[in-house]
Amino acid sequence: MNAKVLNVGIIGLGEVAQIIHLPVLESLPHRFRIAALCDISPQLLKHMGEKYRVSSLYTDAAELVKQADLDVVFVLNSDEYHADCAIAAINENKHVLIEKPMCLTLREADAIIEASQRANVKVMVGYMRRYAASFVEAVKEIGGIGQIQYARVRDIIGPNRLFTKPTSHVVSYNDYSEEAKQDKQDRAAKLTLEATGLDASSTYGDFYRFLCGLSSHDLSAMREALGMPNGVVGAKLTNNGCLFLSVIFDYGPFSVTFETGVDAQGRFDAHVEVYGSHKSVRVQYDTPYIRHLPTKLYINETVGETYTESVIRPTFTDPYTIELNYLYDTITQNLEPKTTPEDSRNDLIIFRMIVDALKRNG
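Calculation notes
- Residues numbered from 1 in each chain as written.
- Predicted model: local features only at pLDDT ≥ 70, side-chain atom pairs only at ≥ 80, totals over all residues.
- Heavy atoms only, no water.
- Helix = DSSP H or I, 4+ residues; strand = E, 2+ residues; numbered from the N terminus.
- Rg over C-alpha atoms; globule rule 2.2 N^0.38 Å.
- Buried < 20%, exposed > 50% of the residue type's maximum accessible area, 1.4 Å probe, protein only.
- Areas by Shrake-Rupley, 256 points an atom, 1.4 Å probe, with all protein chains shown as cover.
- Lys, Arg positive; Asp, Glu negative; His and termini not counted.
- Charge placed at Lys NZ, Arg CZ, Asp CG, Glu CD.
- Pairing = 2+ DSSP bridges.
- Contact = heavy atoms within 4.5 Å.
- Axes fitted to C-alpha atoms, helices over the stretch in contact; angles between N-to-C directions.
- 1 Å grid on protein atoms, 1.4 Å probe; cavity = no way out; pocket = protein on both sides within 12 Å on 5 of 7 lines; lining within 4 Å.
- Points joined across faces, edges and corners; volume = space filled by probe spheres on them.
- Nonpolar A, V, L, I, M, F, W, Y, C, P; charged D, E, K, R; others polar.
- Phe/Tyr/Trp six-rings, centres within 6.5 Å; stacked < 30°, edge-to-face > 60°.
- Lys NZ or Arg CZ within 6 Å of the ring centre and 35° of its normal.

**Student:** Help me get a handle on the overall build of the protein chain, residues and values and all.
**Tutor:** In terms of regular secondary structure, the protein chain is built from 11 helices and 14 strands. Against the 2.2 N^0.38 benchmark of 21 Å for 362 residues, the protein chain shows a C-alpha radius of gyration of 21 Å, consistent with a compact globule. Overall, the protein chain is about 65 × 55 × 45 Å in size when its C-alpha atoms are taken along their principal axes. Looking at the protein chain residue by residue over its 362 residues, the buried ones come to 53%. In the form shown here, the protein chain has an accessible surface area of approximately 16,000 Å², with 49% of it arising from carbon and sulfur atoms. For the protein chain, the separation between the mean place of its 37 positive charges and that of its 46 negative charges on side chains is 2 Å.

Structure, rendered in structure tokens:
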């Protein structure tokens, strides 16, 4: 008996769709078929339709989700529209993969959760780092570490273009309306104000979007490895030409430092490292835009007088491919994904913890 091939509709054909999701889907023809595309840029839509031999093309996401033969909808467009698109798909009884961040406000998160429970469909948030084989193994190792003494979460990177420009060809057109551009800007301002109580153009209001973007990966991984923090002891944001954030999270018996920033260097340093008294575990990520750079697991341990350092690369299969295989199994075997909307909602709580700490510190 042949396995079911899932028909996929994609909303948003920007960088992440072109570099990651469309090529990965195309590499898994026994599991997925790209059946419909949507973007507000007519020229981009036409270009990608021809490239991937897709004839069902839409400039309106509300129309794509009505296509009867679709099994799952990928929400890959700008995050101001994630909640509306996801709920529209759910209401048409489609399963959904939402790229991070799931949404920008708790109200939107609750609406997505309510819709998914009512429709009884699978909704999975695209935290691909949590599906990396090295991270899965790291969580097991951390579980056996005993009393955690300290942990560090770091994500300090250079501009994405330093990784994407030499390795990928991304197509874009400036052929969508001024009204659409203004609507995106207005939505961002409204949702940021709702989430933080701050104007989107203010220092911390603008930084909230940074947290929702880059930091959602790190803090989501931190939650799976260590659970939710009790609160934020302190936070400091600096911008001396490059943006950097330092946070200390309170985990009761231990603390976690979170360091993130973007400078002008062409390197990608993202890791989660957990220290016990005799053992430390670190999962090290490289840029996701060069898919087959391996994610590695480092384990240092002292037993008696013997100190060992281990470097483990479980697989060359990239986290995005693992993630989409997991999505396939979730849908076809009626499993519960680990990166649910309920799980993702906790990131919004942590983002607000950080913003509130920054406001307290002035």
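**Student:** I'd love a proper account of the sheet that holds strand E2 (residues 32–38), names of residues and values included.
**Tutor:** The 6 strands are arranged E3-E2-E1-E4-E5-E6 in an open sheet whose pairing can be described as parallel. Edge strands, defined here as strands with exactly one partner in the open sheet, are strand E3 (57–58) and strand E6 (123–126). The sheet contact formed by E2 and E3 spans 2 bridges and is parallel. What sits directly across from Cys-38, in E3, is Tyr-58. Relative to E6, helix H10 (residues 319–332) is tilted by about 175°, and along the sheet it contacts strand E1 (6–11), E2, strand E4 (72–75), strand E5 (95–99) and E6.

**Student:** Describe empty space enclosed by the protein, with residues and values.
**Tutor:** The tally for this structure, following the rule as stated, stands at 3 cavities of 30 Å³ or more. Taken as a whole, the largest cavity holds about 100 Å³ of empty space. Lining the largest cavity are 13 residues, with Asp-286, Thr-287, Pro-288, Thr-295 and Pro-319 sitting closest to its centre. Classifying every residue of the lining of the largest cavity by side-chain character gives 7 nonpolar, 2 polar and 4 charged. Here the second largest cavity defines a volume of roughly 80 Å³. Taken together, 14 residues make up the lining of the second largest cavity; nearest its centre are Thr-295, Thr-315, Thr-317, Asp-318 and Pro-319. Counting residues per element, the ones that place at least two in the lining of the second largest cavity are helix H6 (133–143) and H10. When grouped by side-chain class, the residues that make up the lining of the second largest cavity number 7 nonpolar, 5 polar and 2 charged.

**Student:** So, the pairing of strand E12 (residues 279–285): which residues are in play, and what are the values?
**Tutor:** Where a strand is regular, its side chains alternate between the two sheet faces. Taken across its 7 residues, E12 has 7 buried, putting it largely inside the fold. Of the two faces of E12, both are covered, the one formed by Lys-279, Val-281, Val-283 and Tyr-285 as well as the one formed by Ser-280, Arg-282 and Gln-284. Summarising the sheet, strand E11 (residues 268–275) and E12 pair through 6 bridges and their orientation is antiparallel. Paired with Tyr-275 across the strands is Ser-280, a residue of E12. As paired strands, E12 and strand E13 (residues 296–303) are joined by 6 bridges and run antiparallel to one another. Along E13, the bridge assignment pairs Ser-280 with Asn-300.

**Student:** Pulling in residues and values, what's your account of the packing of aromatic side chains?
**Tutor:** Applying the stated criterion across every chain yields a total of 8 aromatic pairs. Ring geometry for Phe-207 and Phe-210: centres 5.3 Å apart, planes at 20°, overall stacked. Taken together, the residues span about one helical turn, with Phe-207 and Phe-210 both in helix H9 (residues 203–226) at a distance of 3 residues. Across from the ring centre of Tyr-176, 5.4 Å away, lies the NZ or CZ of Lys-181, which sits over that ring.

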